[in-house]
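Secondary and tertiary structure notes
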Amino acid sequence: MHAQHQIKALLDQLNTVIVGKNSQVQDCVACLLAGGHLLIEDVPGVGKTTLAHALARTFGLQFARVQFTADLMPSDLTGVSVYERGSQAFAFHPGPVFTQVLLADEINRASPKTQSALLEAMEEKQVSVEGATRALPDPFFVIATQNPHDQLGTFALPESQLDRFLMRISLGYPDRAAERLLLAGSDRRDMVESLQPLLIGPQLAQLQQRVLGVHAAEPLLNYVQDLLEATRSGRWFLQGLSPRAGIALMRAAKAQALIEGRDYVAPDDVQAILPQTVAHRLVPVGDAGRGAVEQVRAMLQAVPLP
């Protein structure tokens, strides 16, 4: 099948740059094929920015990077109108958000006011500046990197911002074999610059349409609803998942199924992407004694298959 050949080529190329992280790379590809935004959370120096840049180049998308800092203003993202003497009128100068892949590097180092400037862009694929609404390019993805909250100079992302991300992943440290390749091999930034686009024109849109066409049977939908209801029961989390989160979960599961070469969603697909898709939207109950990801996995074990 042509789609599977394309997806395999995407994964193979990305894995040459981000070594030893095959499952995380697959999650990233699933996220973009599902049309969602991606949050990569980890300590500095493990390849978050390199992965984001490699994704943009491999998918053949226009790329812009913004380093989020405490003094970054919303207009630094969206753009400003500047008076031009020649035309005796104000001309709008678009900001870096007018691209196909926006890398929001260290997003939690900016103030909440600046973080909120991305909300409309991520949800509506448009920005409102000085009373005018301007559409963003299609497709439009935000790939944000985030440092751990206990590091100096970070602001916790609000729940409304976290809910706009389809997935949150963590790369973690490489194993010994992968780190040896990093130490002995070429500079990863040079490798990213040499990557060739593997998708052109409408090919990404075609793959995304294939994702939407993946079938979800009634028993599978029952299973997803059981999981949603479990998050709302009060046993596992303070607040449950919203219907929007449930829709995001189904999109991610369909993308996972397509990557695995199936035209239908299996329970394995839901289980494979559930922690990455919902954990950042949930807060465990006070006596849980574990983080959100571990709590999601514990809930997953407790909810029976239909």
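Here's a quick rundown of the structure. (Residues numbered from 1 in each chain as written. Predicted model: local features only at pLDDT ≥ 70, side-chain atom pairs only at ≥ 80, totals over all residues. Heavy atoms only, no water.)

Time to look at unusual backbone geometry. With an omega dihedral of 0°, the bond running from Asp138 to Pro139 counts as a cis peptide bond. By the secondary structure assignment, Pro139 is in the loop between strand S7 (132–135) and strand S8 (141–146). Even without a glycine there, the phi angle at Lys125 is positive, about 55°. Structurally, Lys125 is set in the loop between helix H5 (112–124) and strand S6 (126–129). In this structure Lys125 comes out as partly exposed when scored by relative accessible area, which is 32%. (Helix = DSSP H or I, 4+ residues; strand = E, 2+ residues; numbered from the N terminus. Buried < 20%, exposed > 50% of the residue type's maximum accessible area, 1.4 Å probe, protein only.)

A word on the nonpolar core. In this structure, Leu33, Leu38, Leu51, Leu55, Phe59 and Val270 are the most contacted members of the largest nonpolar core, which totals 73 residues. Here the element with the most residues in this core is helix H11 (residues 243–259); it accounts for ten residues. Grouped together as the second largest cluster of nonpolar side chains are 25 residues, Val97, Leu102, Ala110 and Phe140 included. (Core = buried A, V, L, I, M, F, W, Y, C linked by side-chain atoms within 4.5 Å.)

All right, on to the sheet that holds strand S1 (residues 37–41) then. If you trace the five strands from one edge of the open sheet to the other, you get S2-S5-S8-S1-S9, paired in parallel fashion. The two strands at the open ends of the sheet, each matched to only one other strand, are strand S2 (63–67) and strand S9 (165–169). Ignoring strand direction, the axes of neighbouring strands in this sheet form an average angle of 15°. Here S1 pairs with S8 via four bridges, running parallel. Its bridge partner being in S8, Glu41 is matched across the sheet by Gln146. (Pairing = 2+ DSSP bridges. Axes fitted to C-alpha atoms, helices over the stretch in contact; angles between N-to-C directions.)

On to the state of the cysteines, then. Tallied over the entire structure, the rule returns zero disulfides. Its sulfur unpaired, Cys28 is 7.3 Å from the next cysteine sulfur, which belongs to Cys31. The exposure class of Cys31 is buried, given its relative accessible area of 0%. (Disulfide = S-S within 2.5 Å.)

With that settled, the discussion passes to the pairing of strand S3 (residues 79–84). Where S3 meets strand S4 (residues 89–94), six bridges bridge the pair, whose relative direction is antiparallel. Its bridge partner lying in S4, Glu84 is registered against Ala89. The turn linking S3 back onto S4 is made up of four residues, and Gln88 within it adopts a positive phi angle of 50°.

Enumeration according to the criterion identifies ten salt bridges in this entry. Its salt-bridge partner being Glu193, residue Arg57 comes within 3.9 Å of it at the nearest N-O pair. Here Glu193 lies in helix H8 (residues 188–193) and Arg57 lies in helix H3 (residues 48–58), a separation of 136 residues in the sequence. The class of Arg57 is partly exposed, set by a relative accessible area of 27%. Between Asp105 and Arg65 there is a salt bridge; the shortest N-O distance is 2.7 Å. Placement of the pair is Asp105 in strand S5 (residues 101–105) and Arg65 in strand S2, with a sequence separation of 40 residues. The exposure class assigned to Asp105 is buried, which follows from its relative accessible area of 4%. One connected set of salt bridges, linked through shared partners, spans Glu123, Asp163, Arg164, Arg244 and Arg281. (Salt bridge = Lys/Arg side-chain N within 4 Å of Asp/Glu carboxyl O.)

In short, shape yes, function no, at least from these values alone.
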